[in-house]
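Chains, contacts and geometry: an overview
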Amino acid sequence: MSLQTSPQTVTSPVVPGAPAHFVEALDVTRLIERYRQDFGLDVADYFHGLSQVDIYACARTGYRFYHPFTLAGREDLYAQLASRFSWYYTDRPEHAIAERYLRPSDRVLEIGCGAGFFLRRLAARRIAAVGLDLNRAAVAQCRAEGLDARLETIETHAAAHPQVYDAVCTFHVLEHVVDVHAFLTAAIACLRPGGRLIIAVPNSAPSVYGADPYFALNAPPHHMGLWEPASLRALTHCFPLKVKAIQGICLEAADWERYLIFSVRHHPVLLRKHNWLLWKLQRRYVGTLFGCFVEALMLATGPYRELVVIFRRCAAD
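Concerning the sheet that holds strand β11 (residues 225-226)
Ordered by their spatial adjacency, four strands build an open sheet running β3-β4-β5-β11, and the pairing between neighbours is antiparallel. Both edges of this open sheet fall to β3 (20-27) and β11, since each of them pairs with a single strand only. Contacting β3 and β4 (52-58), helix α1 (residues 28-39) crosses the sheet at an angle of about 60° to β3.

Dropping the structure here:
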């Protein structure tokens, strides 16, 4: 599927043929340096011959995405992140949220199962589940634990398993996907009418990441798209889906420095001072009872860091 109609015209990866408009450009040299500085990763080969990475927005959904599409990360990039940072593949709060929408009798598909954290949760509840992943080592690890994990794409799986599942879940995968239309079409095809599509993505609304467009892990080659509540809701205009619920996971204290940059630039004076004071108090009293209280207040008043959307497949396409 060609997502670019000509060197001058970029079309939406969500709605085939729909126009996309230019939003801004990122300097490649600066982006490469942030990957090296913040995460010790050399990603220079992804950007060979480029001086900038462009951000476009889909005219139909508002979804912002990176261009050119050839920048998507390869398996070795994710392997490096997983080996260096224990937080990269782990049990997530989104897993617990998704579980609330699953029944013991459900048959569940997870796209991007990784090392099987969510599959293990479902196995503990005796919920039948299948996981898909393109990481050979992760699939092998799941299989060694008796989990049903398969090394295949969602497009391949959907062709052989139409309308088989009561729920399809995908956690922090969609922001890595280039051809969003093909991915979501295949995911929906696996669902029975009335089934649930549960998607978790980083919240890329301006208040979270907008203050630092060079935050490496929210840019290519790691991420290829920027999702926020409005663009997720807009998917219901393009696919046979209805939004059942949207839930958010609050910022962690470590995310507040980035949030404060946005606050200084965009918030009224009193709100800026309120945010700055909370951050200073939390840093000063970290590890104390008062520090815990301040951190809880920060988490309650800050924006959402992650989004979990529960869609329902409509009865008829």
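Moving on from the coordinates now.
Some remarks on the pattern of salt bridges
Two side chains of opposite charge can pair, provided their charged atoms sit close to one another. Applying the stated criterion to the full structure yields 14 salt bridges. Of the charged contacts in the structure, one is a salt bridge between R36 and E33, with a shortest N-O distance of 2.4 Å. One end of the pair, R36, and the other, E33, are both in helix α1, three residues apart, so they sit about a helical turn from each other. Given a relative accessible area of 47%, R36 falls into the partly exposed group.

Overview of the nonpolar core
Within the largest apolar cluster, 41 residues are counted, with the highest numbers of intra-cluster contacts made by L109, I154, V168, L184, L197 and W227. Mapped by element, the contributors of at least two residues to this core are β4, β6 (107-111), β7 (128-132), α6 (154-160), β9 (165-171), α7 (180-189), β10 (191-202) and β13 (304-313). No other element matches the six residues that α7 contributes to this core. Apart from residues lying up to four places away in sequence, V168 is in contact with L109, I111, A187, C190, L191, R196, L197 and I198.

Overview of helix α4 (residues 117-124)
Turning to α4, its buried residues number three or more, namely F118, L119 and L122. Along α4, the residues classed as buried sweep out an arc of 100° about the axis, all on the same side. At the C-terminal side of α4, R126 shows a positive phi close to 60°.

Describing unusual backbone geometry
Here the residue pair H67 and P68 is connected by a cis peptide bond, since its omega of 10° sits within 30 degrees of zero. With respect to the secondary-structure elements, P68 resides in the loop between β5 (64-67) and α2 (75-84). The step from P220 to P221 runs through a cis peptide bond, and the omega angle for that step is 5°. Mapped onto the secondary structure, P221 falls in the loop between α8 (206-210) and β11. Backbone geometry places R126, a non-glycine residue, at a positive phi of 60°. Inspection of the secondary structure assignment puts R126 in the loop between α4 and β7. A relative accessible area of 76% means that R126 is categorised as exposed. Unlike most non-glycine residues, Q163 shows phi in positive territory, near 50°.

Re the packing of aromatic side chains
In the structure shown here, the tally under the stated rule is 11 aromatic pairs. When the ring of F22 is compared with that of Y56, the centres are 5.8 Å apart and the planes differ by 80°; the resulting orientation is edge-to-face. Remark: Y56 occurs in strand β4 and F22 occurs in strand β3; sequence separation between them is 34 residues. Judged by its relative accessible area of 13%, Y56 is buried. Ring geometry for Y285 versus F290: centroids 5.2 Å apart, planes at 90°, classification edge-to-face.

Cut-offs applied
- Residues numbered from 1 in each chain as written.
- Predicted model: local features only at pLDDT ≥ 70, side-chain atom pairs only at ≥ 80, totals over all residues.
- Heavy atoms only, no water.
- Pairing = 2+ DSSP bridges.
- Helix = DSSP H or I, 4+ residues; strand = E, 2+ residues; numbered from the N terminus.
- Contact = heavy atoms within 4.5 Å.
- Axes fitted to C-alpha atoms, helices over the stretch in contact; angles between N-to-C directions.
- Salt bridge = Lys/Arg side-chain N within 4 Å of Asp/Glu carboxyl O.
- Buried < 20%, exposed > 50% of the residue type's maximum accessible area, 1.4 Å probe, protein only.
- Core = buried A, V, L, I, M, F, W, Y, C linked by side-chain atoms within 4.5 Å.
- Arc of directions from axis to C-beta.
- Phe/Tyr/Trp six-rings, centres within 6.5 Å; stacked < 30°, edge-to-face > 60°.

Read these as spatial facts, not as claims about activity.
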